[in-house]
Amino acid sequence: MADFFEFEADFVDSLRCIPMQVRYNLDTCGIKLKLSDWNQMTTAERQALVELPCTTETEIQSYHEYIQQLILQRTGLAATKLPIEPHPSWLDSATVPASIQEKAEEISVTLTQEHWAALTPLQRFALIKLSRPGHENKNFPKAIAEFHLL
C-alpha cells in the first residue's frame, strides 16, 4: 500500500515527482535517482517503485537490483550508488536532529523528543529531507501541520 503525504497531493496522482516513500526506499537501498531519470520511466514502472517492499535485507537487495536495471534500461547509464547510512537518523526515535529542531524553531514550533518518537520512520525521513539546506522548504511547514506537531 502506498503511503503518500498530504503535502505531496499536488503531484502523487500523476507521479510526476518522486514521492517520499520512493525516496525513502532509494536511501535504504543506496541508489540515487534523478528526476530526469524518473521522468523517463513509465507510469507502471513508477507505480512499481512505490509499491515494491523495501524493508528486509532480501527486499532491499531486490529493490536495489530492480531500480538499477530500470535506470540502465531507461537512460543507458548505470545507476549512481549512494552510501547507505548504517544508523540513519530517521530510525532513531530517541534523538531529534539539530537541523530539524532549528527548522521547526524558524516557524515557531517546538519539537520535543516525544513528538519525534511518535512519528513513523517515513515521517521522520520526510522532515529530514524537507529541512535540508538548499532544499526548497515550502513543504516543511505543511508536513509539520500534517503530522500534528503544531
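Structure: see above.
Residues numbered from 1 in each chain as written. Predicted model: local features only at pLDDT ≥ 70, side-chain atom pairs only at ≥ 80, totals over all residues. Heavy atoms only, no water.

Q: Break down the overall build of the chain for me, with residues and values.
A: Summing up its helical and strand segments, the chain has nine helices and two strands in all. Order of helices (α) and strands (β) in the chain, N terminus to C terminus: α-α-β-α-α-α-β-α-α-α-α. Considered along the principal axes of its C-alpha atoms, the chain spans approximately 45 × 30 × 30 Å. Within the chain, contacts between residues separated by at least 24 positions form 59% of all contacts whose residues are at least 6 apart in sequence. (Helix = DSSP H or I, 4+ residues; strand = E, 2+ residues; numbered from the N terminus. Contact = heavy atoms within 4.5 Å.)

Q: So what about the packing of helix 2 (residues 20-29) against helix 8 (residues 121-130)? Which residues, and what values?
A: Orientation of helix 2 relative to helix 8, taken along the N-to-C sense of each, is 90 degrees, at an axis distance of 10 Å. Taken together, the axis directions place helix 2 and helix 8 in an arrangement best described as roughly perpendicular. On helix 8, the residues touching Met 20, Gln 21, Arg 23, Tyr 24 and Asp 27 of helix 2 are Pro 121, Leu 122, Phe 125, Ala 126, Lys 129 and Leu 130. Within the contact of helix 2 with helix 8, the residues separate by chemical class into seven nonpolar, one polar and three charged. (Axes fitted to C-alpha atoms, helices over the stretch in contact; angles between N-to-C directions. Parallel < 35°, antiparallel > 145°, perpendicular 65-115°, else oblique. Nonpolar A, V, L, I, M, F, W, Y, C, P; charged D, E, K, R; others polar.)

Q: Tell me about the pattern of salt bridges, and name the residues and values.
A: By the definition in use, this model includes four salt bridges. Across the pair Asp 10 and Arg 16 runs a salt bridge, and its minimum N-O distance is 3.8 Å. In this structure, the salt-bridge partner of Asp 27 is Lys 129, at a minimum N-O distance of 2.8 Å. Here Asp 27, found in helix 2, pairs with Lys 129, found in helix 8; they are 102 residues apart in sequence, far enough to count as distant. With respect to class, Asp 27 is no different from Lys 129; both count as buried. (Salt bridge = Lys/Arg side-chain N within 4 Å of Asp/Glu carboxyl O. Buried < 20%, exposed > 50% of the residue type's maximum accessible area, 1.4 Å probe, protein only.)

Q: Explain unusual backbone geometry to me, using residue names and the numbers behind them.
A: Although it is not a glycine, Leu 15 adopts a positive phi angle of roughly 55 degrees. Assignment of secondary structure puts Leu 15 in the loop between helix 1 (9-12) and helix 2. Despite not being glycine, His 148 shows a phi value in the positive range, around 60 degrees. In this fold, His 148 is placed in the segment after helix 9 (139-146).

In short, the description is geometric, and any link to function would need to be established separately.
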